[in-house]
Amino acid sequence: MTDALGPKPPRSRARLWIATLLLALYAGFVAVVTLWPDPSDLEFDSISDRVLSVLYRFGIPEWFGFDELEFTANIGMFIPLGFFLGLALPRRAWWLALFLVPAYSGFIEWTQATSLESRVSSILDVFANTAGGYVGILLAMTMRAMIYARDRRIIARAIWERDAEILHARQHPLPQQPGRVQQPGHPVQQQTWREPDDATRIFDQRPTWQDPRDAPTERLPF
């Protein structure tokens, strides 16, 4: 079977590389926003005033002020970070994200408290960042589980259809051609056995794998 299938193809690393790149870029963006020496350069106050004015026009109560907006923004800022982290980590090592998210937030707050006099550090920011990161991790793991289940259904359906076609072919074989009448001076031509092609050998084999990632692939000769 190995000779018919050829060498095992490598696993796709596209998800890992793309998620890692997005994680690095977004983590750098968060570091710039939170560790910029002078927050006034980023015009956070004017942005917050405009956001609050828009929220008030849409019916948000007046008690929702700058502190509540900042807390909500800290949650939302870490949702993409947790999402990219959940995609970048291996499936069996996703639990590391539960420690990496609060560790990154704690590093930011510690740096603000020890090195940036214009910044105000708060433990509430760590709680908000961690909550947002956990939401992103949950979204990433849910999406990965849905894709994994979909792939299993697609592969199971393909195997069932292949087995159904093989069973139907065995139950309804093609009629054999009638034997030729030997003519004087012309010997009867005998049929010779031909070795099946690669596609026939592949589809005649029962699968020995359970995980879709271990399913063999082969470029069929057509």
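For the structure, check the block above.
Residues numbered from 1 in each chain as written. Predicted model: local features only at pLDDT ≥ 70, side-chain atom pairs only at ≥ 80, totals over all residues. Heavy atoms only, no water.

## As for the nonpolar core
Buried together is how nonpolar side chains tend to be arranged in soluble globular proteins.
For step 1, the next point in the chain: Leu-23, Tyr-26, Val-30, Phe-78, Leu-81 and Leu-85 are the most contacted members of the largest nonpolar core, which totals 18 residues.
For step 2, the next point in the chain: Only α2 (14-35), α4 (66-88), α5 (97-115) and α6 (123-171) provide two or more residues apiece to this core.
For step 3, the next point in the chain: Ranked by residues supplied to this core, first place goes to α4 with 7 residues.
For step 4, the next point in the chain: If we ignore the near neighbours within four places in the chain, the residues touching Tyr-26 are Gly-76, Met-77, Pro-80, Leu-81 and Phe-84. (Core = buried A, V, L, I, M, F, W, Y, C linked by side-chain atoms within 4.5 Å. Buried < 20%, exposed > 50% of the residue type's maximum accessible area, 1.4 Å probe, protein only. Helix = DSSP H or I, 4+ residues; strand = E, 2+ residues; numbered from the N terminus. Contact = heavy atoms within 4.5 Å.)

## Some thoughts on the environment of Thr-20
For step 1, the next point in the chain: Inspection of the secondary structure assignment puts Thr-20 in helix α2.
For step 2, the next point in the chain: A relative accessible area of 34% places Thr-20 in the partly exposed class.
For step 3, the next point in the chain: For the pair Thr-20 and Ala-88, spaced 68 residues apart in sequence, the C-alpha to C-alpha distance is 5.3 Å.
For step 4, the next point in the chain: In this structure the side chain of Thr-20 is engaged in a polar contact, spanning 2.6 Å, whose partner is the backbone oxygen of Leu-16. (Polar contact = N/O pair within 3.5 Å; in protein donor to acceptor, adjacent residues only side chain to side chain.)

## Digging into the packing of α2 against α5
For step 1, the next point in the chain: Running from N to C, α2 and α5 point in directions that differ by 25°, and their axes come no closer than 10 Å. Taken together, α2 and α5 sit at an angle that is classed as roughly parallel. For the crossing formed where α2 meets α5, the hand is right-handed. Between α2 and α5, the residues in contact are Ala-27, Val-30, Ala-31, Thr-34 and Leu-35 and Tyr-104, Ile-108, Thr-111 and Gln-112, respectively.
For step 2, the next point in the chain: Across the contact of α2 with α5, the residue classes break down as 6 nonpolar, 3 polar and no charged. (Axes fitted to C-alpha atoms, helices over the stretch in contact; angles between N-to-C directions. Parallel < 35°, antiparallel > 145°, perpendicular 65-115°, else oblique. Left-handed = near helix turned anticlockwise from the far one by under 90°. Nonpolar A, V, L, I, M, F, W, Y, C, P; charged D, E, K, R; others polar.)

## Concerning α6
An α-helical turn contains 3.6 residues, so any two residues separated by three or four positions project in the same direction.
For step 1, the next point in the chain: The end-to-end C-alpha distance of α6 is 72 Å, a good match for the 72 Å that 49 residues give at a rise of 1.5 Å each.
For step 2, the next point in the chain: Where α6 begins, one side-chain oxygen reaches toward the backbone nitrogen of Leu-124, 3.1 Å away; that side chain belongs to Ser-122. (Expected span 1.5 Å × (residues − 1).)

## Notes on the packing of aromatic side chains
For step 1, the next point in the chain: Under the criterion given, the structure shown has 6 aromatic pairs.
For step 2, the next point in the chain: Taking the centre distance of 6.2 Å and the plane angle of 75° together, the rings of Tyr-26 and Phe-84 count as edge-to-face. Note that Tyr-26 is positioned in helix α2 and Phe-84 in helix α4, a separation of 58 residues in sequence.
For step 3, the next point in the chain: The class for Tyr-26 is buried, based on a relative accessible area of 17%.
For step 4, the next point in the chain: Geometrically, the ring pair formed by Phe-78 and Tyr-104 is tilted, given 6.2 Å between the ring centres and 40° between the ring planes. Of this pair, Phe-78 sits in helix α4 while Tyr-104 sits in helix α5, placing them 26 residues apart in sequence.
For step 5, the next point in the chain: Given the relative accessible area of 0%, Phe-78 is considered buried.
For step 6, the next point in the chain: An aromatic cluster of three or more residues is present, and its members are Tyr-26, Phe-29, Phe-83 and Phe-84. (Phe/Tyr/Trp six-rings, centres within 6.5 Å; stacked < 30°, edge-to-face > 60°.)

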